[in-house]
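# A look at the structure
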Amino acid sequence: PEELDRIQNLGSEPSIRTAGIFLIPDTKRFYPEQHLACHILGFSGLDEHGYDNRGLEGLEYHYNHYLRGHAERYSVPMDARRNSLKSWALEVQNSGYNLVLTIDRNIQHMVERELEMTFCDERARHATVIVMNPHTGEILAMANYPDFNPNEFAKYPQEYYKNRAVAWDYEPGSTFKIIQTAAAFEEGLLSPQDRYDNHNGFIDGSSKTSNEWKASGLLSVEDILIKSNNQGAMKISERLGKKRFYEYIKRFGFGELTGIDLPGEVTGKLRKTKEWSNISLRSLAIGQEISVTPLQIARAFAVIANGGMLHTPYIVREIQEMDGTPAVSY
């Protein structure tokens, strides 16, 4: 501020004014929290046409048409000293809307702090965390590491801009075992009491007490998940069969966009059953031969947590006028 005051005072000196040096008001997006929620917010800057303050990543890009307002061009006759020869009051048009987010600032801060420490401890290439309300689809926190400062985004590699929570897919591995297990329960093919014998498959678990089954060394369906037993998971998928397993994978939202209000989301890869090989049913049971995004996995676990509802995740709760009155609500 002190430097700004000195420069503004220079403008009143005759030598400066006669030299043709003037101050022209301008606007620029500033992110006071710096790295916080950078992959969610994104950043603005010069677009391919040379226009400044255009949303280039994140919410800045996705909601640019709401944030940018409506600029109008006026031709104003001026003298050599750039004084207007005509004076009138300009009606202020829409200067852009405000976005009210679902993000909890405290949770976001804690997530980013822990994520950075874990990233360093594990010597990872990248890391992602999503915190979602399973009953509504609201995103309470979303973070990736490495991150960047949107005020100085040009100083970082472009790969750092990528929001891997939605724009990166991978083989989910054993986290995918909840899908066929939930499907088997829903179809009445298994119950939590049933036990898995590695040689004979599943047997009815109601004939003995839980202590007797525990002493026998056989695995319950719960144990298959807890111990991440591959053979048991494959047996569950075999009971479902190709058609039903594929249907439930789709019901959990895999192979398609979640619809979140962020740019760059990818669908992942899910092949139709006619393209499956003889081992695809077993491979899919342990999270292979499919690719998913971190957000898709988070939403699938939310389905289990909320009792079976597949919600569309979202980050913007409300779009407001500059005076705070709602313009668009979700």
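That block above? That's the structure.
In this report, we go over the structure that sits alongside the text. Residue positions are counted from 1 within each chain, in the order its sequence is given. A pLDDT threshold of at least 70 governs which residues receive local features in this predicted model, and a stricter bar of 80 or more applies before side-chain atom pairs are shown or counted, although totals over entire chains, interfaces and linings include all residues. The basis for the side-chain values is all heavy atoms of the structure; hydrogens and waters are excluded.

### Some thoughts on the side chain of D194
Note the cut-off: Helix numbering and strand numbering both begin at the N terminus, where a helix is a DSSP run of H or I of at least 4 residues and a strand a DSSP run of E of at least 2. Here the term buried applies to any residue with accessible area under 20% of the maximum for its type, exposed to any over 50%, and partly exposed to those in between, with areas from a 1.4 Å probe on protein chains only. For the purpose of charge, His is not counted, nor are the chain termini; Lys and Arg are scored as positive and Asp and Glu as negative. The term salt bridge refers to a side-chain nitrogen of Lys or Arg lying within 4 Å of a carboxyl oxygen of Asp or Glu.
Position of D194 among the secondary structure elements: in the loop between α8 (177–186) and β6 (195–197). At 5.2 Å, R239 is the nearest oppositely charged side chain to D194, a buried residue that forms no salt bridge.

### What to know about the pattern of salt bridges
All told, the structure shown has twelve salt bridges when counted by the stated rule. Where E60 meets R29, a salt bridge forms, and the shortest distance between an N and an O atom there is 2.8 Å. Of this pair, E60 sits in helix α4 (residues 58–62) while R29 sits in the loop between α2 (14–18) and α3 (38–41), and the two are 31 residues apart along the sequence. The shortest N-O distance in the salt bridge between R113 and E114 comes to 3.3 Å. The partly exposed category is assigned to R113, whose relative accessible area is 41%.

### A word on the environment of E186
With respect to the helices and strands, the residue E186 is situated in helix α8. C-alpha of E186 to C-alpha of Y248: the two residues are 62 residues apart in sequence and 9.9 Å apart in space.

### So, the packing of α8 against helix α13 (residues 294–306)
The criterion, for reference: Lines fitted to C-alpha atoms define the axes here, with helix axes fitted over just the stretch in contact, and angles between the N-to-C directions of these axes take values from 0 to 180 degrees. Helix crossings fall into two classes, left-handed where the near helix is turned counterclockwise from the far one by less than a right angle and right-handed where it is turned clockwise. Contacts were defined at the residue level, with two residues in contact if any of their heavy atoms lie within 4.5 Å. For this scheme, ten residues count as nonpolar: Ala, Val, Leu, Ile, Met, Phe, Trp, Tyr, Cys and Pro. Four count as charged, namely Asp, Glu, Lys and Arg, and the remainder, Gly too, count as polar.
Between α8 and α13, whose axes approach to 10 Å, the crossing angle comes to 35°. For α8 against α13, the interelement crossing comes out left-handed. Across the interface between the two elements, I178, I179 and A182 from α8 touch A300, F301 and I304 from α13. A class-by-class count of the residues in the contact of α8 with α13 yields six nonpolar, no polar and no charged.

### Some thoughts on the side chain of Q108
In this structure, Q108 sits in helix α6 (residues 105–122). Excluding residues within four positions of it along the chain, Q108 makes contact with L36, A37, I40, I103, L140, A141, M142 and A143.

### Points about the pairing of strand β9 (residues 316–320)
Stated formally: The pairing criterion for strands is at least two bridges between them, as found by DSSP.
The buried fraction of β9 amounts to four of the five residues, a majority that puts the element mostly inside the structure. Here strand β3 (residues 98–101) runs beside β9; their pairing, made up of four bridges, is antiparallel. Among the inter-strand pairings, N98 is bridged to a residue of β9, identified as Q320.

### So, the pairing of strand β4 (residues 127–132)
The pairing of β4 with strand β5 (residues 139–145) spans six bridges and is classified as antiparallel. Each bridged residue has a counterpart across the sheet, and for A127 the counterpart in β5 is Y145. In textbook terms, the turn of a hairpin is the stretch between consecutive antiparallel strands, and for β4 and β5 this stretch comprises six residues, one of which, G137, has a positive phi near 90°.

### With respect to α8
Buried residues dominate α8, accounting for eight of its ten residues. Within the sequence span of α8, burial applies to K177, I178, I179, Q180, T181, A182, A183 and A184. In this fold, the buried residues of α8 make contact with α10 (221–226), α11 (230–251), α12 (280–285) and α13. Positive phi shows up at G188, right after α8, with a value of about 75°.

### Regarding the packing of aromatic side chains
Condition: Stacked, tilted and edge-to-face pairs are distinguished by plane angle, under 30 degrees for stacked and over 60 for edge-to-face with tilted covering the rest, among Phe, Tyr and Trp rings (Trp via its six-membered ring) whose centres lie within 6.5 Å. Counting as a charge over the ring demands two things of the Lys NZ or Arg CZ atom: a distance within 6 Å of the ring centre and an angle within 35 degrees of the ring normal.
By the definition in use, this model includes 13 aromatic pairs. On the basis of an interplanar angle of 10° and a centroid distance of 3.9 Å, the ring pair of F43 and F153 is categorised as stacked. With F43 in the loop between α3 and β1 (44–45) and F153 in the loop between β5 and α7 (164–167), this pair connects stretches of sequence that are 110 residues apart. With 6.2 Å between their ring centres and 75° between their planes, F153 and Y161 make a pair best called edge-to-face. Note on F153: relative accessible area 21%, which makes it partly exposed. Clustering of aromatic rings is evident, with ring pairs tying together F43, F148, F153, Y156, Y160 and Y161. Here R251 stacks its cationic end above the ring of Y248, 4.5 Å away from the centre of that ring.

Honestly, it's all geometry; don't read function into it.
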